[in-house]
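Examination of the molecular architecture
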Amino acid sequence: MSTIASYFIKMTLPAIMGALLWAISRPLRKRRLALQGRRAGSAREGALLLLFMFVCGLLWLTLTPPDLNYFLRTGQWLYTPGVPFQGGINLIPFAESLRLFQFYVKNEMWSAIWVNFPGNVIMFLPIGFFAGLLSDKPKWWKSTAITAFLSLFIECFQIFVARGTDVDDLILNTLGWILGHSLFLLLRRIDPGLVRRCQKV
């Protein structure tokens, strides 16, 4: 589980940057809503703050080179910076995931299993949840489009930062979106008042 904890630690500074971006952009959001004769309550702003923090942490984890921490410690890169396709590309569903799973089990790398499989699902769960919660008129196709674009952008960008590009990640990210949007629908049924407070008024 130390591997999982290290991921949360890596997200801390980017999450703080996300909070700063939220604070800087808040006057602009208020001014834009005021021109429309609308406003956002504290519940909506709180949800936006969490989203800003999470997205910045997510982008830091997925768009930075995997050897960045090593470079910061030693001043040397393990991969050649700027050279694409160093991380490999897998376009065959489940083939690479099965190979990795077998390798992890054989070597008792349980943290790697959590990071690569449930981790890729959980990673996009908040996106599906907040996409529904913060939309004026929540539609499943809007949430799907946001998730698909973000996941595809990450996978394509990883070609250039020595990270693997894998169709399985897209599948697991989509599953995360489904779970996240399902949680939003559950919240809307259980506490519709909270959902309304997260909308623009």
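How each quantity is defined
Residues numbered from 1 in each chain as written. Predicted model: local features only at pLDDT ≥ 70, side-chain atom pairs only at ≥ 80, totals over all residues. Heavy atoms only, no water. Helix = DSSP H or I, 4+ residues; strand = E, 2+ residues; numbered from the N terminus. Buried < 20%, exposed > 50% of the residue type's maximum accessible area, 1.4 Å probe, protein only. Contact = heavy atoms within 4.5 Å. Core = buried A, V, L, I, M, F, W, Y, C linked by side-chain atoms within 4.5 Å. Patch = residues over 30% accessible without salt bridge, like charges linked within 9 Å, V, L, I, M, F, W, Y side chains within 5 Å. Areas by Shrake-Rupley, 256 points an atom, 1.4 Å probe, with all protein chains shown as cover. Salt bridge = Lys/Arg side-chain N within 4 Å of Asp/Glu carboxyl O. Phe/Tyr/Trp six-rings, centres within 6.5 Å; stacked < 30°, edge-to-face > 60°. Axes fitted to C-alpha atoms, helices over the stretch in contact; angles between N-to-C directions. Left-handed = near helix turned anticlockwise from the far one by under 90°. Nonpolar A, V, L, I, M, F, W, Y, C, P; charged D, E, K, R; others polar. Expected span 1.5 Å × (residues − 1). Disulfide = S-S within 2.5 Å.

So, about unusual backbone geometry. Positive phi, close to 70°, is recorded for F94, a residue that is not glycine. In this structure, F94 sits in the loop between β1 (89-90) and α4 (95-106).

Here helix α7 (residues 125-133) lies mainly inside the structure; 8 of its 9 residues are buried. Buried within α7 are the following residues: P126, I127, G128, F129, F130, A131, G132 and L133. Packing partners of the buried residues in α7 comprise α2 (42-63), α6 (118-122), α8 (140-157), α9 (167-190) and α10 (192-197).

In terms of nonpolar packing, the biggest core is built from 12 residues, these being W22, A47, L48, L51, F129, F130, L133, L134, F184, L187, V195 and C198. Listing elements by their share of this core, those giving two or more residues are α2, α7 and α9. Residues L61, L63, I127 and I154 belong to the second largest nonpolar core, which totals 9 residues.

As a further point, take a nonpolar patch on the surface. Together, L13, I16, M17, L20 and I24 make up an exposed nonpolar region whose accessible area comes to about 530 Å². Its place among the elements puts I16 in helix α1 (residues 2-35).

Each aromatic ring pair is summarised here by two numbers: the centre-to-centre distance and the angle between the ring planes. Counted under the stated rule, the structure contains 6 aromatic pairs. When the centroid spacing of 6.4 Å and the interplanar angle of 15° are considered together, the rings of F149 and F153 count as stacked. With F149 and F153 both in helix α8 and 4 residues apart, the pair spans about one turn of that helix. A relative accessible area of 61% means that F149 is categorised as exposed. On the accessibility criterion, F153 (38% relative accessible area) is partly exposed. In textbook terms, an aromatic cluster arises when at least three aromatic residues are bridged by ring pairs, as seen for F149, F153 and F157.

What follows covers the packing of α7 against α8. As a packed pair, α7 and α8 sit with axes 9 Å apart at the nearest point and diverge in direction by 145°. The interaxial crossing formed by α7 with α8 has right-handed handedness. Note on element contacts: α8 touches α7 through S143, I146, T147 and L150, opposite I127, G128 and A131. Taken together, the residues of the contact of α7 with α8 sort by class into 4 nonpolar, 3 polar and no charged.

Further remarks concern α2. Between its terminal C-alpha atoms α2 stretches 31 Å, which fits the 32 Å expected from 22 residues at 1.5 Å a residue. Of all the positions in α2, only R44, E45, A47, L48, L51, F54, C56, G57, L58, L61, T62 and L63 are classed as buried.

Turning to the state of the cysteines, a few remarks are in order. For the structure shown, the criterion picks out 0 disulfides. With no disulfide partner, C198 has as its closest neighbouring cysteine sulfur the one in C56, 19 Å distant. Take C198: its relative accessible area is 4%, and that puts it in the buried class.

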